[in-house]
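# Descriptive analysis of the structure
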Amino acid sequence: MERIADGAIAELANSKLRFVHIRHEALEERSDVSQTALDYAWQVVGQDAPLHAALDEVGFTDELRMKPVCELSGGWRVRLLLATAVARAADVLLLDEPTNHLDSQAVSWLVSYLNHRKSTSVVVSHDALFLDQICTDIIHFDECQLKYYRGNFSVFQQQAPQFHPRDLLKVRSESQPEMASVRKAVPTPQGGYRMALPVPGKEACVGAEGCLF
């Protein structure tokens, strides 16, 4: 995902789509812990970006904008990162384990947001419940090949019966069954971009068997 966002993959860089990588670690890497959410966002997007409209879209109040980043919950940190992506006019959101550190309410908000926003999201996640609610396609990296399946994770499991589910993914519902009872299904989006990724090189094959996107 970092290579895609940095424009290092020529086939995608030449597509003229704007890719923005969303990951929790970005806040620690690019901000002073005492920096306010608003100051951090301006630092990321630049002074000419429509930042306040983006913060409004994800529900940031004036009070939250002036809070230090270190005082924001996991859910609000994700919203802050999403706002910086919106302000940069992202065509494709690249989300790396976006439900990590989120409670059930924050996950529900994220599901609704991704399903109603008119853009494409590429997600790497070990949360099968989350994938079931947001995915229209699954890309399985297996034996150095990208294999494409239409539908969410549950549909993928039905289409690829040669794999046992526990070999594919350690789902959150196994270790945290209480999460399943508080999440409601949200219709998956039908819009967005249809895209195919370049064939992965040899470096990508090392230790990456059975990866799911």
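Residues numbered from 1 in each chain as written. Predicted model: local features only at pLDDT ≥ 70, side-chain atom pairs only at ≥ 80, totals over all residues. Heavy atoms only, no water.

Looking at an unreviewed UniProt entry, one finds the protein chain named ABC transporter domain-containing protein, with Durusdinium trenchii as its source organism.

### Here's the deal with the pattern of salt bridges
How we decide: A carboxyl oxygen of Asp or Glu within 4 Å of a side-chain nitrogen of Lys or Arg is what we treat as a salt bridge. Counting from the N terminus, the helices are DSSP H or I runs at least four residues long and the strands are E runs at least two residues long.
Per the counting criterion, the structure on display carries 6 salt bridges. Glu 2 is the partner of Arg 23 in a salt bridge, and the nearest nitrogen-oxygen pair spans 3.9 Å. One end of the pair, Arg 23, is in the loop between β1 (19-22) and α3 (25-30); the other, Glu 2, is in helix α1 (residues 2-5), and 21 residues separate them in sequence. Three or more residues joined by partner-sharing salt bridges are found here, namely Glu 2, Arg 23 and Glu 25.

### What to know about helix α8 (residues 104-116)
As a reminder, the rule being used: The length a helix should cover is 1.5 Å for every residue beyond the first. Classification of residues uses two cut-offs on accessible area relative to the type maximum, computed with a 1.4 Å probe and protein chains only: under 20% is buried, over 50% is exposed, and between them is partly exposed. Whether two residues touch is decided by their heavy atoms; if any such pair falls within 4.5 Å, the residues are in contact.
Here α8 is 13 residues long and its end C-alpha atoms lie 18 Å apart, about the 18 Å a rise of 1.5 Å per residue gives. Taken as a whole, α8 has its buried residues at Ala 106, Val 107, Leu 110, Val 111, Tyr 113, Leu 114 and Asn 115. On the buried face of α8, the contacting elements are α5 (51-57), α7 (74-87), β2 (92-96), β3 (120-124) and α9 (128-134).

### What to know about the packing of aromatic side chains
Basically, it comes down to this: Each aromatic pair joins two rings of Phe, Tyr and Trp (for Trp, the six-membered one) with centres within 6.5 Å, and gets the label stacked for planes under 30 degrees apart, edge-to-face for over 60, and tilted for any other angle. Charge-over-ring contacts are defined here by two conditions on Lys NZ or Arg CZ: a distance within 6 Å of the ring centre and an angle within 35 degrees of the ring normal.
On inspection of all chains with the given rule, the structure shows 4 aromatic pairs. Measuring from ring centre to ring centre gives 4.8 Å for Tyr 149 and Phe 156, while their planes differ by 80°; the resulting arrangement is edge-to-face. An aromatic cluster is built from Tyr 149, Phe 153 and Phe 156, whose rings are joined through pairwise contacts. A cation sits over an aromatic face here: Arg 79 above Trp 109, 4.0 Å from the ring centre.

### Regarding the environment of Glu 2
Glu 2 sits in the partly exposed class, given a relative accessible area of 46%. Sequence separation of Glu 2 and Leu 94 is 92 residues, and the distance between their C-alpha atoms is 8.8 Å. Ignoring anything within four residues of it in the chain, the contact list for Glu 2 reads His 21 and Arg 23.

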